[in-house]
Amino acid sequence: MPRPPPAVLASPAQARADSIGHLALVHVGKRLPLQVCHSAAGHYIGTTDAEGPVSRESVQYFRSYQAARHALETGHWQQRLNP
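Our subject in this report is the structure included herewith. Just so we're clear, the structure is a prediction, and the values are computed from it rather than from any experiment. The residue count restarts for each chain, going from 1 along the sequence in the order it is written. It should be noted that, the model being predicted, local features are given only for residues of pLDDT at least 70 and side-chain atom pairs only at 80 or more, the latter also being counted only at that level, while totals for whole chains, interfaces and linings use all residues. Computation of side-chain values covers all heavy atoms of the structure but excludes hydrogens and water.

A look at the sheet that holds strand β1 (residues 35-39)
Part 1 of the argument: For two strands to be treated as a pair, DSSP must find no fewer than two bridges joining them. For helices the rule is a DSSP run of H or I covering at least 4 residues; for strands it is a run of E covering at least 2, with both sets numbered from the N terminus onward. Strand order in the open sheet made by the 3 strands is β1-β2-β3, with antiparallel pairing throughout. In this open sheet, the two edge strands, each paired with only one partner strand, are β1 and β3 (52-56). Recorded for the sheet is a direction-independent mean angle of 65 degrees between the axes of neighbouring strands. To obtain an axis, a line is fitted to C-alpha atoms, over the contacting stretch when the element is a helix, and the angle between two such axes runs from 0 to 180 degrees between their N-to-C directions.

Overview of the nonpolar core
Part 1 of the argument: The term nonpolar core refers to a set of buried residues drawn from Ala, Val, Leu, Ile, Met, Phe, Trp, Tyr and Cys, joined through side-chain atoms within 4.5 Å. Note on exposure labels: buried denotes an accessible area under 20% of the residue type's maximum, exposed denotes more than 50%, and partly exposed covers the range between, all computed with a 1.4 Å probe on protein chains only. The biggest cluster of nonpolar side chains holds 8 residues, and these are L34, V36, I45, F62, A68, A71, L72 and W77.
Part 2 of the argument: A per-element tally of this core places helix α4 (residues 65-74) first, with 3 residues.
Part 3 of the argument: Contacts: residue pairs with any heavy atoms within 4.5 Å of one another. Those residues in contact with W77 that lie beyond four places of it in its chain are R16, L34, I45, E57, S58, Q60, F62, A71 and L72.

Quick word on the environment of R56
Part 1 of the argument: You can see R56 is positioned in strand β3.
Part 2 of the argument: Separated by 27 residues in the primary sequence, R56 and P83 have C-alpha atoms spaced 7.4 Å apart.
Part 3 of the argument: Residue contacts for R56: discarding those within four places in its chain leaves L23, Y44, I45, G46, Y61 and R80.
Part 4 of the argument: Polar contacts, as used here, are pairs of N or O atoms within 3.5 Å; protein pairs need one atom able to donate a hydrogen and one able to accept it. Residues neighboring in sequence count only if both atoms are side-chain atoms. Within polar-contact distance, the side chain of R56 engages the side chain of Y61 at 3.1 Å.

Here we look at the environment of H76
Part 1 of the argument: Within the secondary structure layout, H76 lies in the segment after α4.
Part 2 of the argument: Among residues more than four places away in sequence, those in contact with H76 are R16, Q60 and A71.
Part 3 of the argument: At 2.8 Å, the side chain of H76 and the side chain of T74 are in polar contact.

A short note on the pattern of salt bridges
Part 1 of the argument: Should a side-chain nitrogen of Lys or Arg be within 4 Å of a carboxyl oxygen of Asp or Glu, the pair is scored as a salt bridge. Under the counting rule described, the total for this entry stands at 3 salt bridges.
Part 2 of the argument: A salt bridge links D18 to R31; the nearest nitrogen and oxygen atoms lie 4.0 Å apart. With a gap of 13 residues between them, D18 in the loop between α2 (12-17) and α3 (22-28) and R31 in the loop between α3 and β1 connect regions that are remote in the sequence.
Part 3 of the argument: A salt bridge links E73 to R69; the nearest nitrogen and oxygen atoms lie 3.1 Å apart. Taken as a pair, E73 and R69 lie in helix α4 at a separation of 4 residues, close to a single helical turn.

Structural data, given as structure tokens:
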């Protein structure tokens, strides 16, 4: 039986429950774990692979690694719906 496309496999809520990046799954087709990432704009919740950053999943940027880690651990962050 053919496998459904990634967009059907995980809603934003399901991806979050599975601790994987929803945008990475839907737009790149990769199941990547959520993690704290950093850019010139600040820390954010996103995904990376061996080649580098894949997706910024959080709407927010955080001032510190610790603040972003706390948001990831407690679920107090907002999922971006579009890349």
